[in-house]
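Fold and contact review
Listed below, chain by chain, are the residues.
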Amino acid sequence: LARRVMDVECFLLSGLKADETIAAEMAFMYGERELRPVEFPVGGSEAIVAALVDAIEARGGKLRLRSHVEKIRIQGNEATGVELKSGEFIGANVVISNASIWDTYGKLIDKTKTSSREYAKAMTTPAIDSFMHLHVGFDGTGLEKFDGHHVVVHDENVCITKPGT
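Residues numbered from 1 in each chain as written. Predicted model: local features only at pLDDT ≥ 70, side-chain atom pairs only at ≥ 80, totals over all residues. Heavy atoms only, no water.

Here's the deal with the packing of helix α4 (residues 101–108) against helix α5 (residues 116–123)
- Contact geometry of α4 with α5 gives a least axis separation of 8 Å together with a crossing angle of 135°. Taken as axis vectors, α4 and α5 run oblique relative to one another. Taken as a pair, α4 and α5 cross one another with a handedness that is left-handed. Seen from α4, the contacting residues are Ile101, Trp102, Tyr105 and Gly106; seen from α5, they are Glu118, Tyr119, Ala122 and Met123. (Axes fitted to C-alpha atoms, helices over the stretch in contact; angles between N-to-C directions. Helix = DSSP H or I, 4+ residues; strand = E, 2+ residues; numbered from the N terminus. Parallel < 35°, antiparallel > 145°, perpendicular 65-115°, else oblique. Left-handed = near helix turned anticlockwise from the far one by under 90°. Contact = heavy atoms within 4.5 Å.)

As structure tokens, this is what we get:
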């Protein structure tokens, strides 16, 4: 039952079951369970970006915009940096790709630099149908007892990823 609950909750957040949802997303989801009011960043979303840039620069990093990454260089089993479309190489101890798993392994990494098992796993990661979360705000006067966040599972024996479940 616990696995089923986790699968449903992860599916609602990521569109994937628990064993396919990244840990950071799950931590965020379960962290929301703490009873507290909605919080907003002081200074808006721009303040979050500014704080991230400050943290990167404080550690010697640099934010590069409009810098097309042509490939991720691999030596042994480790990424060593990225090569830009301009030909410039930027060395790094850690490379985090924001591209899809298929683009990362299919276009950015030379497949001869990864194991065939790792490459096959990445390239056969299932795509999911698109879905959208819509977050709206409205005057809730008179709705104090309304629990607007709910889910209906029609058949607990059917995989949550099956459309119409």
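Continuing now.
Observations concerning the confidence of the model for the protein
- Scored by pLDDT, the protein comes out at a mean of 81, with 77% of its residues at no less than 70.
- Ranking the helices and strands of the protein by mean pLDDT puts strand β1 (residues 69–75) first, with 96, and helix α2 (residues 23–31) last, with 75. (pLDDT = per-residue confidence, 0-100.)

Notes on the packing of helix α1 (residues 2–14) against α2
- Running from amino to carboxyl end, α1 crosses α2 at an angle of 105°, the nearest separation of the two axes being 10 Å. Regarding the angle of α1 to α2, the classification is roughly perpendicular. Listed contacts from α2 to Met6, Glu9, Cys10, Leu13 and Ser14 of α1 are Glu25, Met26, Met29 and Tyr30.

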